[in-house]
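Summary of the model geometry
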Amino acid sequence: MSEKAEALRQALRDAGVEWPAPIQHFETVGSTNDVIKEAARAKAPEWSVAFADEQTAGRGRVGNRWVSPSGNLFLSVLLYPAFPSERFGLVPLAAGVSAARTARGLGAKAELKWPNDVWVGGRKLAGILVEAHAGAAGVEEMVLGFGVNIALAPSGLPSDVAATSLQEAIGPGVTTIAVAAALLRNLREACRLIAVDPGALRTAWKELAVPWWGCLIEVGTGDGAVRGVLHDLDESGGLIVETDSGRRVVVVSGEARTIRLA
Ligand code: BTN
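Below is a summary of the structure that appears in this document. (Residues numbered from 1 in each chain as written. Predicted model: local features only at pLDDT ≥ 70, side-chain atom pairs only at ≥ 80, totals over all residues. Heavy atoms only, no water.)

What follows concerns the overall build of the protein chain. Check the secondary structure of the protein chain and you find 6 helices and 12 strands. In summary, the protein chain has a C-alpha radius of gyration of 18 Å against a globular reference of 18 Å for 262 residues, a match within 12%. By principal-axis analysis of the C-alpha atoms, the protein chain measures approximately 60 × 45 × 30 Å. Here the protein chain holds 262 residues, and 51% of them are scored as buried. Accessible surface, the protein chain as shown: approximately 11,900 Å² in total, 51% of it carbon and sulfur. In the protein chain, the 26 positive side-chain charges and the 29 negative ones have mean positions that sit 3 Å from each other. (Helix = DSSP H or I, 4+ residues; strand = E, 2+ residues; numbered from the N terminus. Rg over C-alpha atoms; globule rule 2.2 N^0.38 Å. Buried < 20%, exposed > 50% of the residue type's maximum accessible area, 1.4 Å probe, protein only. Areas by Shrake-Rupley, 256 points an atom, 1.4 Å probe, with all protein chains shown as cover. Lys, Arg positive; Asp, Glu negative; His and termini not counted. Charge placed at Lys NZ, Arg CZ, Asp CG, Glu CD.)

This is how it looks when you write it as structure tokens:
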């Protein structure tokens, strides 16, 4: 095992977690999500991890690229979801909760923007790409990919949101290993909640979320934009938005933003 993979395993052990699956480290790789997808095809154990110092083909949500310079964390984890399919939509929220808790644990005032962007002061600290693969029996595996800006806040993000980094938020000295260990520990706990207490996971997500409840928002979806007042999270992790006509719509994917009335 590479030195950094062993360092991560040891950091987890120091935090009381014996990681149950292989951990792979790469100095440079295309995308850690692709490494884990490949591992899934080879029936790798659940919780297999791949992390890299830099990615040459990092992917973001909705087809965007993820700028992946050395100094930040790029980490992917394999999940074989065993809970009821109505809860699959909670996986991105669990990933968001784990990333936001990690940042808060280090002293950053992190907030979640649905479904799982991590913001500090309105700028993006971390992004998460969840990719699911369905077979004959439905969703068989999920790859959870985390990009956390630690040393660098890359410019040129595809959305109109600027980036920030942990270094900007809390100062220098945070290592990728420390962030990865905290993230994995928090992820195990958040995913456990999906199975045993999904209500507690939704509550945790709402407590960490940007305070947009009751505000006018717009969510860009593949079928056009949904605009209305943000009401709540539904059981399966969608956003309940009350439109002008008073109709409540559940949005299950898209990019949310607040609307300021002129
Ligand atoms: C987003 O658009 O906000 C999601 C970004 C997800 C980036 C991470 S970095 C590790 C993993 N590998 C990738 O190619 N993407 C995810």
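Once the structure has been displayed, the description carries forward.
Within the secondary structure, T164 sits in the loop between β7 (138–148) and α4 (166–170). Only 2.7 Å separates the side chain of T164 from the side chain of E168, close enough to count as a polar contact. Residues contacting T164, with those up to four places away along its chain left out, are V120, R123, K124, L125, N149, L152 and A153. (Polar contact = N/O pair within 3.5 Å; in protein donor to acceptor, adjacent residues only side chain to side chain. Contact = heavy atoms within 4.5 Å.)

On to the environment of A95. Within the fold, A95 resides in helix α3 (residues 90–105). For the pair formed by A95 and L144, sequence separation is 49 residues and the distance between their alpha carbons is 7.3 Å. Those residues in contact with A95 that lie beyond four places of it in its chain are I128, L144, F146 and L187.

For sheets, the rule is that strands pair by backbone hydrogen bonds, running either parallel or antiparallel. With respect to topology, 7 strands assemble into an open sheet ordered β1-β2-β3-β7-β6-β5-β4, the strand pairing being mixed. Whereas interior strands pair on both sides, the edge strands pair on one side only; in this sheet they are β1 (23–29) and β4 (110–113). Between one strand axis and the next, the sheet turns by 20 degrees as a mean value, whatever way the strands run. Where β4 lies against strand β5 (residues 117–120), 4 bridges are found, and the strand directions are antiparallel. (Pairing = 2+ DSSP bridges. Axes fitted to C-alpha atoms, helices over the stretch in contact; angles between N-to-C directions.)

So, about the environment of K124. Residue position: K124 is located in strand β6 (residues 123–135). With a relative accessible area of 13%, K124 lands in the buried category. Measuring from C-alpha to C-alpha, the distance between K124 and E86 comes to 29 Å, with 38 residues separating the pair along the chain. Of the polar contacts made by the side chain of K124, one reaches the side chain of D117; its length is 3.1 Å.

Right, let's talk about the packing of helix α1 (residues 3–14) against helix α5 (residues 176–196) for a bit. Direction vectors running N to C along α1 and α5 enclose 50 degrees, while the axes themselves pass 9 Å from each other. By the angle class used here, α1 and α5 are oblique. You can see that α1 and α5 cross each other, and the crossing is right-handed. In contact with K4, A7, L8, A11 and L12 of α1, α5 contributes I177, A180, A181, L184 and R185. The residue inventory of the contact of α1 with α5, partitioned by class, reads 8 nonpolar, no polar and 2 charged. (Parallel < 35°, antiparallel > 145°, perpendicular 65-115°, else oblique. Left-handed = near helix turned anticlockwise from the far one by under 90°. Nonpolar A, V, L, I, M, F, W, Y, C, P; charged D, E, K, R; others polar.)

Turning our eyes to something else, we now look at the sheet that holds strand β10 (residues 239–242). Ordered by their spatial adjacency, 5 strands build an open sheet running β11-β10-β9-β8-β12, and the pairing between neighbours is antiparallel. Two strands bound the open sheet, and with one partner strand each, they are β11 (248–251) and β12 (255–258). Here the strands of the sheet are splayed against their neighbours by 45 degrees on average, with no regard to which way each runs. Here strand β8 (residues 216–221) pairs with β12 via 4 bridges, running antiparallel. Bridging from a neighbouring strand, V219 pairs with A256 of β12.

Here the idea is simple: oppositely charged side chains can pair when their charged atoms come close. A complete count under the given rule lists 17 salt bridges for this structure. A salt bridge links R248 to E242, with the nearest nitrogen and oxygen atoms 2.8 Å apart. You can call E242 partly exposed: its relative accessible area is 28%. Beyond isolated ion pairs, a larger network of salt bridges with shared partners links D34, K37, R59 and E131. (Salt bridge = Lys/Arg side-chain N within 4 Å of Asp/Glu carboxyl O.)

Turning next to the site of the ligand. Within the structure, the ligand sits among 20 residues, and S31, Q55, R59, R61 and K124 are positioned closest to it. S31 is positioned such that a nitrogen or oxygen atom in its side chain is 2.8 Å from an oxygen atom of the ligand. T32 has a polar side-chain atom sitting 3.3 Å from a nitrogen atom of the ligand. Here the ligand, which alone exposes 410 Å², has 98% of that area covered by the protein. When residues of the shell around the ligand are traced back to their parent elements, those giving at least two are α2 (32–41), β3 (73–79), β6 and β7. Looking at which element gives the most residues to the shell around the ligand, the answer is β6, with 4 residues. Of the residues assigned to the shell around the ligand, the class counts are 6 nonpolar, 10 polar and 4 charged. (Near = heavy atom within 4 Å.)

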